[in-house]
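Secondary and tertiary structure notes
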Amino acid sequence: MLEATKRGLERWGFDRVTIDDIAAEAKVSRATLYRLFPGGKDVLFEALRVCELEEFFTELRQHLASADNLEDLLTVAVVESLAASVADEHLAAMLAGPLGRSLAS
């Protein structure tokens, strides 16, 4: 469902994607989507945000483990965060904060 949500956001944007779009993308009924994510689109988007941020920080932790000192740690954190945000526009939008929603549209 979360991958379908991400594809829907890519196709239609944050403001235009609907629960019906996401359900069709996931090949499930609208009722199934609401059963799994009561609260609809906002709950689904929050679940996607949490999942993607968990993936980002898991990968970042793995890169940071190689740092030998504070300078290396900061350098790796900045370089890897920037590389991840360039590679994933949804992640970039989430890391941008409140303006992220308009960037993802």
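Before reading on, note that the structure itself is shown above.
Cut-offs applied
Residues numbered from 1 in each chain as written. Predicted model: local features only at pLDDT ≥ 70, side-chain atom pairs only at ≥ 80, totals over all residues. Heavy atoms only, no water. Axes fitted to C-alpha atoms, helices over the stretch in contact; angles between N-to-C directions. Helix = DSSP H or I, 4+ residues; strand = E, 2+ residues; numbered from the N terminus. Left-handed = near helix turned anticlockwise from the far one by under 90°. Contact = heavy atoms within 4.5 Å. Nonpolar A, V, L, I, M, F, W, Y, C, P; charged D, E, K, R; others polar. Salt bridge = Lys/Arg side-chain N within 4 Å of Asp/Glu carboxyl O. Buried < 20%, exposed > 50% of the residue type's maximum accessible area, 1.4 Å probe, protein only.

Packing of helix 4 (residues 41-64) against helix 5 (residues 70-87) leaves a shortest axis separation of 9 Å and a crossing angle of 145°. The handedness of the crossing between helix 4 and helix 5 is right-handed. Residue-level inspection shows F56, L60, H63 and L64 of helix 4 in contact with helix 5, the latter providing L73, V76, A77, E80, S81 and A84. Considering only residue class, the contact of helix 4 with helix 5 consists of seven nonpolar, two polar and one charged.

Turning to the pattern of salt bridges, a few remarks are in order. For the coordinates displayed, the defined rule picks out six salt bridges. The salt bridge involving K6 is made with E52; its shortest N-O contact spans 2.9 Å. Of this pair, K6 sits in helix 1 (residues 2-12) while E52 is found in helix 4, placing the two residues 46 residues apart along the sequence. Judged on exposure class, the residue K6 and its partner E52 are both buried. As a salt-bridge pair, R11 and E25 come within 2.8 Å of each other at their nearest N and O atoms. With a gap of 14 residues between them, R11 in helix 1 and E25 in helix 2 (residues 19-26) connect regions that are remote in the sequence. The exposure class of R11 is exposed, given its relative accessible area of 54%. For E25, a relative accessible area of 15% translates into the label buried.

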